[in-house]
Amino acid sequence: MYEFRDINSTVSEGNILPSEALMINGEYIENLIPGYRTLTVSGREALSPEIETYETGIRDGSTLQNKRYPARVITVQYQLIAENNEAFRAAYNQLGGILNVEEAELIFNDEPDKFFTGTPSSIGAVPPGRNAVTGEFELFCADPFKYSVVEYEAEPTLADGTILIDYNGTYKSYPTLEAAFYEEDDNTGDMPAFGDCGYVAFFNEEEKIIQLGDPDETDAETAPSSQTLVNQKFNYETAWGTIAEQNWKTNSGKLNSTDVLQEGSMGIAVASYEKAPSSPTSGTLLTKTSKAAKPYIDYKVTAETSGRTASSVTVEVTVAASLKAQSSSGTVSLTAGAAITLNKTKYYVNSSTTSSSGTKTGTFYLWDNKPTNNRIRFTNSKSNVGKSGQVTGWVNVSDIGVSSTTAVLGKGYGLKAEIKFGTDSWNVAVLKSESVAWESNKSYTVKLKATVNNLSSDTTLLQDIQFRVTRTDGKSGSEGKLEESSCKNLEISSYVAPVANSWYLMPKTYGSG
């Protein structure tokens, strides 16, 4: 079995989701619906109380009658983008199913230790005829307060019997008090909850009391004192010798007959071990450039080992990816209106079209400055830049060349790093999220952990390590991909068995009869 941990240097772990991403009953919507993304959330802020007062005669001002907090409504604004009509309808139906709940647990990504309880009460309409929309829905919280995900349990100190409770909240909260008394059943050894105890009392800082039981009850039962019969540690393996054998005598008594159990013999067994430290190792496994298609990406794979056991070792792998700058000759800046020269260059109807719509030759102009799926829109006249309905088509960014300081691997394009040790399964980590655009001359990293098993105690080298980079979005294109490549061997420390450092006395034989 393997345990993996993803860390992205540009988008830290956990923040690939929007900061206000909504988890409903244990699942983030972003993880259930491709193309869904939380934009904004309102209604989680401090709630104003409703105040009722009354006036008396000619008395100045008013008198407070009561104060209450009303129900809360949380509004979530979201974005939903799909590749086609069928995918959009399926995603929207799935969203409706997710929101068909009552009194659900609501957790937001920027406050994962708190939860609201709410029911979806309104789903706003979205613009018709589009596969990329923004919309909103409302969550009605009859209970306006949020609560801690983890219940806090306080226990009294043995010294003075006090309990310190720190609510860490902004609204009154009351503890659940429990006291259990146990008495051992001599016949069965069980501990049923009917112990002999007079009373127990709970006080708060204002000297208010909750008392259970009768403080005037007299306990006339005397419990026997505990006795320590043996408390000895044997610090070396031969401690059970002649002297110890003379001092540790077995009980002597009169035997009724020779058929009664006869005397056995004593010995010692290991009580504890001193674990030998495991020396960590590290090394570079691979340095390689993906050249399947521009833009090229340099990959460096390093690893560090720890936790060596007789049959396994833990390996933490770090994958560093650096997007190489494009050539400075013949490049343009990705700005709206920038002139581009095409020479029988393929163009497409949109960013996700798989087959080209033909070729273009001549001077054209970038319609905007936002690549999608590593493609960008262009128009045939500078006067048409940015105008609706004036897009001539889409062209691959790699076909026109861009300046080295601009994002050249756009959003919607996902990459995953995979590594395998010997015949084990591939270990996977997200290298580039589809929601992140990469820029040239910047490094991006991801880390993963794997436990390599089935080793022998004298194994000092991990061999047959394979690495590759593949796509996560399922779209066409080979930018950033790296075919399966062999890595260098990784040295690991040999296993050092723990050494026994204490022993205990035990029966060695039980005699006969």
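Please refer to the structure higher up on the page.
Parameters and conventions
- Residues numbered from 1 in each chain as written.
- Predicted model: local features only at pLDDT ≥ 70, side-chain atom pairs only at ≥ 80, totals over all residues.
- Heavy atoms only, no water.
- Helix = DSSP H or I, 4+ residues; strand = E, 2+ residues; numbered from the N terminus.
- Buried < 20%, exposed > 50% of the residue type's maximum accessible area, 1.4 Å probe, protein only.
- Areas by Shrake-Rupley, 256 points an atom, 1.4 Å probe, with all protein chains shown as cover.
- Phe/Tyr/Trp six-rings, centres within 6.5 Å; stacked < 30°, edge-to-face > 60°.
- Lys NZ or Arg CZ within 6 Å of the ring centre and 35° of its normal.
- Pairing = 2+ DSSP bridges.
- Axes fitted to C-alpha atoms, helices over the stretch in contact; angles between N-to-C directions.
- Core = buried A, V, L, I, M, F, W, Y, C linked by side-chain atoms within 4.5 Å.

Draft legend 1. Structural detail: the overall build of the chain. Counting secondary structure elements, the chain contains four helices and 30 strands. The buried share of the chain, taken over its 513 residues, is 30%. As displayed, the chain offers around 32,000 Å² of accessible surface, 47% of which is attributable to carbon and sulfur atoms.

Draft legend 2. A look at the packing of aromatic side chains. Taken as a whole and judged by the stated rule, the model has 10 aromatic pairs. With a centroid separation of 6.3 Å and an interplanar angle of 85°, the aromatic rings of Y347 and F378 are classed as edge-to-face. Of this pair, Y347 sits in the loop between β17 (339–346) and β18 (359–366) while F378 sits in strand β19 (residues 375–379), placing them 31 residues apart in sequence. What makes Y347 buried here is its relative accessible area of 16%. The ring of W426 is capped by R468, whose NZ or CZ atom sits 3.9 Å from the centre of that ring.

Draft legend 3. Spotlight on the sheet that holds β17. Strand order across the open sheet formed by four strands is β17-β18-β19-β20, with antiparallel pairing between neighbours. Each of the sheet's edge strands pairs with one partner strand only, and the pair in question is β17 and β20 (393–396). Across the sheet, the mean angle from the axis of one strand to that of its neighbour is 50°, orientation sign disregarded. Of the strand pairs in this sheet, β19 and β20 are connected by four bridges, and their pairing is antiparallel. By the bridge assignment, R375 is partnered in β20 with N396.

Draft legend 4. Geometry of the nonpolar core. Among the nonpolar cores identified, the biggest contains 36 residues, and L431, L462 and F467 are the most heavily contacted of them. Where this core is concerned, the elements lending two or more residues are β14 (282–290), β15 (297–306), β16 (313–323), β22 (415–421), β23 (427–432), β25 (443–452) and β27 (465–471). In terms of residue count, β16 provides more of this core than any other element does, six residues in total. Grouped together as the second largest cluster of nonpolar side chains are 25 residues, I24, I33, V41 and A82 included.

Draft legend 5. Representation of the sheet that holds β15 within the structure. The sheet built from four strands is open, its strands ordered β14-β15-β16-β25 with antiparallel pairing. Bordering the open sheet on either side are β14 and β25, each of which pairs with just one other strand. Between one strand axis and the next, the sheet turns by 20° as a mean value, whatever way the strands run. Pairing geometry for β16 and β25, over 10 bridges, is antiparallel. Paired with E316 across the strands is K449, a residue of β25.

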